[in-house]
Structures are given as C-alpha cells and as structure tokens.
Amino acid sequence: MWFNHLPKEEEQFGCLFSSETMHVAPLIIERRDEERAGLLQSPYQTQISSSHSLTEEQLFEPTNTWSEGRGLNVLLYGAVGTGKATIVRKLVLDWCKGTTMTRFKLLVPFSCEDLSQLSKVVSLRDLVGRKYLHLKKHPLLNGERDQAKDVLFLFNGMEKMQLDFRIGSSELCSDPNEPLPSHVIIVNLLRKYLLPEASILMVTRLSAVEYIPQKYVSRYAQICGFSDPDRQRAYFTSRLLQSEEAAHNQEAQTLIELLYLNLQSESQLAAACFLPSYCWLTCATLHLLHFTSAQAPIRTLTGIYTSFFRLNFGGEVLGTKTGTSVSIQDYHSSLMMYVVRTVGKLAFDGVMNKRTSFSDKELEQWIGGKTKTDEELHQLAMFQTDVLDFFLAPCVKSGKHLSKELFENDDKQYVFAVPAMQEYLAALYVVLGENKSALEKLTSQMSVAIGQASEDVSALVNILSKFVPLRLFAIFNLLKLVPKLYERMSSRNKGKIARTMAAEMFRTEDSYNEDVLDQVEQSLLGVHGPQPQKYDGSQPFELYPIFMGGLLQYSNRVLLKQLDCNIQSTTVVQITRALRKYLVRELSKPQPPEELMDLLVLLYEFQNPRLTEEVLSSIKSIRLTNIRMTSLKCFILSSVLSCTSSSYHLKELDLSSCFLTCNMLQMLGPALRHSHILNLQFNNLGPDSCILLRDLLLDPKTCLSSLQLCDNPLLDSGIRIMLEALPENQSLVYLSLMHTGLGDIGALELAERLQQHPGLQELNVAYNIISDKAAATLVDACREHPSIHTVHLYFNPITDEGKQSLYGRGVPINEGSNRWVKVLASVTEGSDISEDWHPILKVIQENASSWDRKRVKQQLKVFLQDLEWGRKMQQSFWKRLHFRKVQKSVQATLQILEKDSSSKETK
C-alpha cells in the first residue's frame, strides 16, 4: 500500500530502520475561524503562540460547530517539507497496530493522486473494495443506521483532486452503492449527504486550503514542523544514533552535541530545520560525512540533494487554474522545472555575483517578474504559497557570510535555507541549459521543428525533382543546415559549461579555503573556536562546479528525469569531453592540498571511471598534507584511485598530518598500492595499524619504495608485526620509524630482520627510546647489510660514550671490506661537526611543534654541549668559526622553542 511504502533513501540510516524508531512528531496547531487570514502564511511566519497544539487523537474531538450524529471533517494542511506525508503514514500504521485513533473501527486511506486518475464511475463501496479487497462489502459502509460513525476516511493530497461543490456540477447522492465519478463521491462525503456519520481527514498543501468551502470543514489544523531545538535534536538522534553501535560511538555523540549547540545559537540552520525535510537533509549529509563505510552502497553529496528533491517534489505539478486538472504531466507544468527556472535562476545570479542574500525586490524581479497571463499569475501564486518559503528563509543576521551593507540596510533579506542548496540549484540551472541566450533558444526550437520534418521534406523533394528542376528546391537543402548549426552552437555551449567547471574548481582566491567537505560540515555544525587568520568573510562557491559534475552522473539523471528534468546523454558526452581537457590543463600547475581534495571529490561525484583515469594520468603526486581526513575522504581517495589500471603509479602520496586512524587506513588500502613514496607522518596510527602496513608490504602489486611513519605511536609491538613483511618485500628502500615509540626490543628485532631485506638503503629510527647496547647492535647490522648507507639515531637516550662507539662501528672492521654506514647520532661526530648537521636541525625545526618540547630542548642543550666541547678541541681558527656558526643555529632553534613555550603559558 502507498502508506506502507518507506522511501529507499531512509535505508542509509541503518538496517534497523522503521517508522516507529525514527519518527518524531512535528508540531500541529489548531486554527480558529478568526485566524483564517493567516491560513496561507508560511511556517516561518506562523505565530504559534496564538493557537494551541494538537495531537493526532485530538484532531477529532468535538468542536463548537459539531452536530450530533455527524462526523467531523478535519483539514490538515502544511507547506512543502513540514511532514504531511510522514504524519499520514505514521497515523495509518499506528491505527493498524491499535495505538492511536482507537475510536474508529475502520480507517480507509486514499491517495488523491490515484483517485484523480480514475476515469470510470464507481460506487463508494466498490471504490473501497477495489483499493482494499478485504474491505469489499464491509458492513460499516452500507449506510444503514449510524454504523458509519466508526469510519474514518483519509484523503492524502487533496490539491490533486478536481472538486466542484456546485450542485449543477456534482449531483447529490446518499447511496454508497450508486456509481459516481470519484470527485463527486468525495464532494458528497464532505457535504455529509453520503455517510454523514463518517469522519474525514483531508491532507493538502497551503495553496489548496481555499478549495474546500469553509462550511464543509469542522476543524483546520496546520502542520508547523519542528518549532524548537529539542524536537530537532530528537529527530537527529533517532537517525544518527539509530543503531546500537552508533549509540555507543563517542564521535556520533559529539556530532549530536555540536549540532545541538548550533541549533541553540539561533543560526541559519536552526531556521531551516524548522522544516522536517531540512532535518532529513542535514542528517543524510552528516551521515555521509561521518559514517561512510566501504561496505555500504556508494552515495554522493549530489545524490543526497537529488534524492531530497525527489522525496519532496516527485510527481508534483503546478495546475493551470483553480478547478482544472493538475494530473497532466507535461513539461511546462512540472513543479521541479518551475523551481529551476525561477529559484534556480536566482541562485545562478547569486553564484555569479558572489551573493547569498536577496531583497524582496530582487525576489520579485527573478521569480515571476515576467508573468503576463492569468494562468501564469495563478501558477506564480501557488508557487509562492507552497514552495517559495521552502527554499528561501528570512536572513539570520548572525550569519558569517553576510556583508556589512546588509546590516546597514533595513530592507528584509532572504537567504537559501541551506547554503549548499543555492549552489545545487545554480548547477542544475546551468546543466539543464536554462542559461541559454535568446538566440540559442530560438535556434533550438527551429532545429527541433525542422529536424522532425526533414524526412518528409526530403521525400517530397525527391518526388517533385523528377518533374521540376532540382535547383528550385535548393532552399529546402539550406533549411537542413539549421540542425547542424544548432549542434555546433550546442557543442560550444557545453564547452563553456566545462570551462566554467574547471575555472570555478581552481579559483586563485579560494586556494587556501578548507576543502569543500569541511565547508559543508561547518555550515551544519558551525565553526567552534577562533576564525582562521586568512578568513575574509566572503562566501566561497566551491560546491557549484562539483554539483555540476555530480548532476551528470547516470543515477542522478535517472532521478531528475522522474522530476521532468531531463539531461540528455549527448550533453553529458560533450561536457565530459571538454572537461577532460580543461582539468588536465589546470593540473599542469601546482595545486594546494585543499584544491586537490576538491578535485578528488569532483571525480568521485562524477562517477565516470574513464574520465577519472584520464585525468589522474596527468597527476604524478597527490599531496594532501594537513587535510583533515574522514572516513568519507578516505573512501573518495580509494574509490578514485581504484578507477586507474594496475600499472598506474604515483610518485608520491603524502597523507601527513591528516588525522588518520587504523579504520581510515584500512579504507585507504587499495589506494596505497599505487604510490612509490608513502608519507603517513604525524597521524594517529597505533599498533593495530601495523597489521595493515604489513599486508601492504606483502602485497605483490605494491610498488612502495619509501615508507615514512614518523610521529605515530606504533610501539615495539606494532613495529614487530610490520617487520614480518621484510623477508618477502622487495621494493622498500627507505623506512622512517622516527618518534614511533621504538625501544630496545623493537630495535633488536629490527636488527635481526634487516638481513632478510637486501634492498633497504636508509633507516631512520631517531627520537625513540633506544639505548646504547641496542643502538650498537642495530648499527652493526646496518654495516653488514649489503645496501644500507645511512641510519638516523639522534634524539635517542644514548650516552656520549655510546655515540663515540657508534661512529667507530660505522666504518669497516675488516681491511678487505669496503662496507661502511653513516651514523647520525648528533650534530657532531667526535670532535668534528657532522656533515649532516643541517638536515638534522631542519627535521627538529619542522617537527618540534608536535614533539615533547621539554625533551627537545633537553636534546638541543646536549647538542650545544657537544659543540662547545668540539670547538675547544679544534686548533684551526676556521673550524672553530664553523663550530660557532652551528652553535648559533642550535641556539636560535632553542630560543624559538622557549619563546613559544612561554607564550603558551601566558595564554
């Protein structure tokens, strides 16, 4: 049954989904007769304090105008997105379980969209029997005595019915067995001629409230969505913490708290989440951002927004005038296309001019400014009543992207309820070709007309040419050029779209913004803490080109076609062909990590493996340093790189300082095989991650030559697991285990394993807890190794005697052997300065912010002591001068650390 059908989009919130566990009742308020002037107000303008709220049970309590022996006619109405369909579905299912509306023994729900399609006359009892076979000839519907008092009829979507209450148009009838048109049956039920004891619940949109005369309505009730943050929080909790695993997940709990704080701050999101539909969109977006898994079906941000529109506007049309049929699904009556041509045009103008707020005059100019006929005016009135407030909300002046002029101007300003909605609609407006010039639109219409008639014209010319000279018909051949001309113009227009996508993706002024996924999250959770120093208060529109790419994805085009928004396959091919060229051209220039992440998101949203492979073939390195990686970003990177062939290899994949965890590393597994140099420094990888790293090194497809694991708490237990891969791995040349918690046990295990991996050339185990004996054993093993030439041991608790011993162990023992290894244990080597003092100091300067400052300062002071002792041992003036130069560099580094420490203590 239609009321028992749950949208498949809800499945993303977990396999335990049900309407009972995830339903939060929106606010319903009763409207009195004296408040009829406010019936057509939007939910944002509703004054709830003047009316009292109702529950579903209270809808059918007797009113002052109620007559004994007659049922109540209740009109339940609301704007788009307030939760009408959800309430109806829950009410019917709860009645079936016996938990609500128990006063009625029979509830008969009808979809008015289905009833409007009926062409044959039918009696009320046959109509019920046709829809519900088990209710055929039900005794409560035979019209005898007052049995119908236990019956409740529910009509969902009354705006889709042609109801005419004039006696001449709808004949009177009191016999439930008399065949009549469906709309006449409903009129007689409302008139109380037919089964007067039965109660009726009508559900409709705002604009259709006046279609039912007031005398046939016992009670008006308006659905007002979620009026307070507590209802919104209950909704978010029911979806984001729906599964038992998520309920005990600290990240999920924190997510709810941040969201609740943003709602309480009277932000723009709080105004948007007044509508349950936007609560659904918020939950779906956060679920995508934080709970993406490799096992779940692929979901994209564009797909979520497209599904959002399908849920709210699927099958919806604009009627031509009151009382006429609205079931004709022609192109011009599609509500979604009307949205694109009006609100989409406004969104596009805002994106082009970098504006997010609009005045009343601008709304009037862009939405319905050129309407002329009565039908167009009527459509505009319906649209403004039902839909406009769904997209545009009064501006909350605390919004962070609003200009100063807005505060100084007293005019009322409107913004899109969700910032990303403006970019989605602008992208849809462009991809559907609604931004064509007048010439392009005229050429398009001529091309279609001539193209359809071309075959008939050709046949006629061929026949007449046998009797009349062919040159007289040359004009017809000229007409055939019009479709070809239009095809060239269309191809050029698609090239402009692709060029716009590439240009918007790599705008110079947006280069150092957060990546788009972080921007989406901040728009939902708010920015907690101080603003970034480079923040300039302007609104970036970096989702706009990504949405354009996502709309070309096949599954999104299928959903849009259901909304009468048809994107032709030829359009996709032309845009894709041009986009490939422009992206490759832009990627020839160095791009910051945030821009590279945005590119990966674009390729993921596009879901075009061939385009992805061709674009990535021009990329030699992917550096995502300091990008806050999440499960979604890891999945995107892995998915995008999986589109390439097994022979594709990156020179470097830099994921340093990306907040990676073991779970994220597991998701990245397929992507890591494609890189020669893998940088995983400064993350949160623990011992468990070493199992994945071992498997990566054992993978025969891996080409890994450099693995950098600095500043990850791997510990001895984890490193020993990873070392199990050394005997079989043949590609690794450089291994960095600096500051990983490696102790003597791990160092001794490493020394034993080194001989089993003959290809290793450099080993970095600096800043660990390796003592003299273990360090000596490790250096001996490196010296005996066939290819290792350098081992880093500085910042370990090695004594001065131990350091002197290490330098001696680095040289060959036997006279016939020429194997030696460079040991970096300090900035000095005995009484001389180490040749590598500068790289050692550079590593310290780069990593000091994340290291234990007390230990770093202590080691720097040891360096200074070594340098002072070595300087005194030198006889040469130039060597003493060189020592002094190195001392100054170490002292400068130490002063910077002490200054930073003191400033933090002051704060």
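Residues numbered from 1 in each chain as written. Predicted model: local features only at pLDDT ≥ 70, side-chain atom pairs only at ≥ 80, totals over all residues. Heavy atoms only, no water.

1. Let's talk about the overall build of the protein chain
Moving on, step 1. Counting secondary structure elements, the protein chain contains 36 helices and 20 strands.
Moving on, step 2. Sorting the 907 residues of the protein chain into buried and exposed places 55% on the buried side.
Moving on, step 3. Excluding contacts between residues fewer than 6 apart, the proportion of contacts in the protein chain whose partners are at least 24 apart in sequence is 78%.
Moving on, step 4. Element-wise, carbon and sulfur atoms account for 52% of the exposed surface of the protein chain, whose accessible area totals about 41300 Å². (Helix = DSSP H or I, 4+ residues; strand = E, 2+ residues; numbered from the N terminus. Buried < 20%, exposed > 50% of the residue type's maximum accessible area, 1.4 Å probe, protein only. Contact = heavy atoms within 4.5 Å. Areas by Shrake-Rupley, 256 points an atom, 1.4 Å probe, with all protein chains shown as cover.)

2. Considering helix 21 (residues 543–551)
Moving on, step 1. Buried residues dominate helix 21, accounting for 9 of its 9 residues.
Moving on, step 2. Listed in full, the buried residues belonging to helix 21 are L543, Y544, P545, I546, F547, M548, G549, G550 and L551.

3. Brief notes about unusual backbone geometry
Moving on, step 1. Notably, K354 is not glycine yet its phi reads approximately 55°, a positive angle.
Moving on, step 2. Relative to the assigned elements, K354 resides in the loop between helix 12 (335–352) and strand 8 (357–359).

4. Some details on the packing of helix 12 against helix 14 (residues 374–391)
Helix-helix packing: each pair is described by the crossing angle between the helix axes and the interaxial distance.
Moving on, step 1. Where helix 12 contacts helix 14, the two axes come as close as 11 Å, and the packing angle between them is 75°. Considering their axes alone, helix 12 and helix 14 lie roughly perpendicular with respect to each other. For the pair helix 12 and helix 14, the contacting residues are L335, Y338, V339, T342 and V343 in the first and Q379, L380, F383, V387, L388 and F391 in the second.
Moving on, step 2. Partitioning the contact of helix 12 with helix 14 into residue classes produces 9 nonpolar, 2 polar and no charged. (Axes fitted to C-alpha atoms, helices over the stretch in contact; angles between N-to-C directions. Parallel < 35°, antiparallel > 145°, perpendicular 65-115°, else oblique. Nonpolar A, V, L, I, M, F, W, Y, C, P; charged D, E, K, R; others polar.)

5. With respect to the sheet that holds strand 18 (residues 822–824)
Moving on, step 1. The 8 strands are arranged 11-12-13-14-15-16-17-18 in an open sheet whose pairing can be described as parallel. For this open sheet the edge positions go to strand 11 (621–623) and strand 18, each flanked by a neighbour on one side alone. Mean inter-strand twist for the sheet, computed between neighbouring axes without regard to direction, equals 10°. (Pairing = 2+ DSSP bridges.)

6. What to know about the sheet that holds strand 8
Moving on, step 1. Pairing is antiparallel across the open sheet formed by 3 strands, whose spatial order is 8-10-9. In this open sheet, the two edge strands, each paired with only one partner strand, are strand 8 and strand 9 (392–394). Shown here is a sheet whose adjacent strand axes are inclined to one another by a mean of 40°, direction ignored.
Moving on, step 2. The sheet contact formed by strand 8 and strand 10 (residues 413–416) spans 3 bridges and is antiparallel.

7. What to know about a nonpolar patch on the surface
Moving on, step 1. On the surface, a cluster of nonpolar side chains totalling about 290 Å² of accessible area is made up of I167, L172 and Y193.
Moving on, step 2. Take I167: it is sitting in the loop between strand 5 (151–156) and helix 5 (182–191).
Moving on, step 3. The exposure class of I167 is exposed, given its relative accessible area of 55%. (Patch = residues over 30% accessible without salt bridge, like charges linked within 9 Å, V, L, I, M, F, W, Y side chains within 5 Å. Salt bridge = Lys/Arg side-chain N within 4 Å of Asp/Glu carboxyl O.)

8. Here we look at a positive patch on the surface
Moving on, step 1. Residues K496, R499, K581 and R585 make up a contiguous surface patch of positive charge.
Moving on, step 2. Contributing elements (two or more residues each) for the positive patch: helix 19 (481–505) and helix 23 (569–587).
Moving on, step 3. Looking at where K496 falls in the secondary structure, it is placed in helix 19. (Lys, Arg positive; Asp, Glu negative; His and termini not counted. Charge placed at Lys NZ, Arg CZ, Asp CG, Glu CD.)

9. Observations regarding helix 4 (residues 124–131)
Moving on, step 1. Within helix 4 the residues assigned to the buried category are L124, R125, L127, V128 and G129.
Moving on, step 2. Elements in contact with the buried residues of helix 4: strand 4 (106–111), helix 3 (112–115), strand 5 and helix 5.

10. Observations regarding the pattern of salt bridges
Moving on, step 1. Within the structure shown, the criterion is met by 23 salt bridges.
Moving on, step 2. A salt bridge links R219 to E30; its shortest N-O distance comes to 3.0 Å. Of this pair, R219 sits in strand 7 (residues 219–223) while E30 sits in strand 1 (residues 28–31); the two residues are 189 residues apart in sequence, bridging distant segments of the chain. Like E30, R219 is buried.
Moving on, step 3. K633 serves as the salt-bridge partner of D515, at 3.0 Å between the closest nitrogen and oxygen. Of this pair, D515 sits in the loop between helix 19 and helix 20 (516–525) while K633 sits in helix 26 (residues 631–641), and the two are 118 residues apart along the sequence.
Moving on, step 4. Judged by its relative accessible area of 2%, D515 falls in the buried class.
Moving on, step 5. Within the structure, one salt-bridge network assembled from shared partners comprises D515, D518, E521, R628 and K633.

11. Regarding the packing of aromatic side chains
Moving on, step 1. Considering all chains together, one arrives at 25 aromatic pairs under this definition.
Moving on, step 2. On the numbers, 5.4 Å between centres and 15° between planes, the contact of F309 with Y424 is stacked. Here the residue F309 occupies a position in helix 11 (residues 301–313), and Y424 occupies one in helix 16 (residues 419–431), the gap between them amounting to 115 residues. Comparing F309 with Y424, the two get one shared label, buried.
Moving on, step 3. Between F348 and Y429, the aromatic rings sit 5.4 Å apart at their centres with planes inclined by 40°, giving tilted as the arrangement. With a gap of 81 residues between them, F348 in helix 12 and Y429 in helix 16 connect regions that are remote in the sequence.
Moving on, step 4. For Y429, a relative accessible area of 6% translates into the label buried.
Moving on, step 5. Looking at R233, its charged tip hangs above the ring of Y260, at a distance of 4.4 Å from the centre.
Moving on, step 6. We note K581 situated over the ring of Y582; from NZ or CZ to the ring centre the distance is 5.1 Å. (Phe/Tyr/Trp six-rings, centres within 6.5 Å; stacked < 30°, edge-to-face > 60°. Lys NZ or Arg CZ within 6 Å of the ring centre and 35° of its normal.)

12. Re the pairing of strand 3 (residues 73–78)
Successive side chains on a regular strand alternate, one facing one side of the sheet and the next facing the other.
Moving on, step 1. Within strand 3, 6 of the 6 residues are buried, which leaves it mostly tucked inside the rest of the structure.
Moving on, step 2. Side-chain alternation along strand 3 places N73, L75 and Y77 on one buried face and V74, L76 and G78 on a second face that is also buried.
Moving on, step 3. Examined bridge by bridge, strand 3 and strand 6 (residues 199–205) share 6 bridges and lie parallel to one another. Considered in strand 6, the bridge of N73 is made with I200.

13. Some thoughts on the side chain of E197
Moving on, step 1. Here E197 is to be found in the loop between helix 5 and strand 6.
Moving on, step 2. Buried and unpaired, E197 has K192 as its nearest opposite-charge partner, separated by 8.3 Å.
Moving on, step 3. Among residues more than four places away in sequence, those in contact with E197 are G69, R70, G71, R145, D146, A148 and K149.

14. Section: the nonpolar core
Moving on, step 1. Counting residues in hydrophobic clusters, the biggest one holds 181 residues, and the most contacted among them are Y278, F391, M421, L425 and L793.
Moving on, step 2. Among the elements that make up this core, the one with the highest residue count is helix 12 (11 residues).
Moving on, step 3. Filtering out sequence-adjacent residues up to four positions away, M421 remains in contact with Y278, L281, Y305, F308, F309, F391 and F416.
Moving on, step 4. Of all hydrophobic cores here, the second largest spans 43 residues; its members include A79, F110, F155 and C173. (Core = buried A, V, L, I, M, F, W, Y, C linked by side-chain atoms within 4.5 Å.)

15. Some details on the confidence of the model for the protein chain
Low pLDDT marks regions whose predicted coordinates should not be analysed in detail.
Moving on, step 1. Averaged over all residues, the pLDDT of the protein chain equals 81, while 79% of them reach at least 70.
Moving on, step 2. Note on residues 438–452: pLDDT under 50 across the span, and 18 contacts to partners over four residues away in sequence or across chains. (pLDDT = per-residue confidence, 0-100.)

16. Focus on the environment of R233
Moving on, step 1. Along the polypeptide, R233 turns up in helix 6 (residues 229–240).
Moving on, step 2. In this structure, the C-alpha to C-alpha distance between R233 and L259, residues 26 residues apart in sequence, is 8.1 Å.
Moving on, step 3. Contacts of R233, omitting those with residues within four sequence positions, involve I256, E257 and Y260.

17. Here we look at the packing of helix 23 against helix 25 (residues 609–616)
Moving on, step 1. It is the contact of helix 23 with helix 25, at a shortest axis distance of 9 Å, that shows an interaxial angle of 25°. Considered as vectors, helix 23 and helix 25 are oriented roughly parallel to each other. In this structure, helix 23 crosses over helix 25, and the sense of that crossing is right-handed. In this structure, helix 23 contributes T576, L579, R580, L583, V584 and L587 to the contact, and helix 25 contributes L611, E614 and V615.
Moving on, step 2. When its residues are assigned to classes, the contact of helix 23 with helix 25 shows 6 nonpolar, 1 polar and 2 charged. (Left-handed = near helix turned anticlockwise from the far one by under 90°.)

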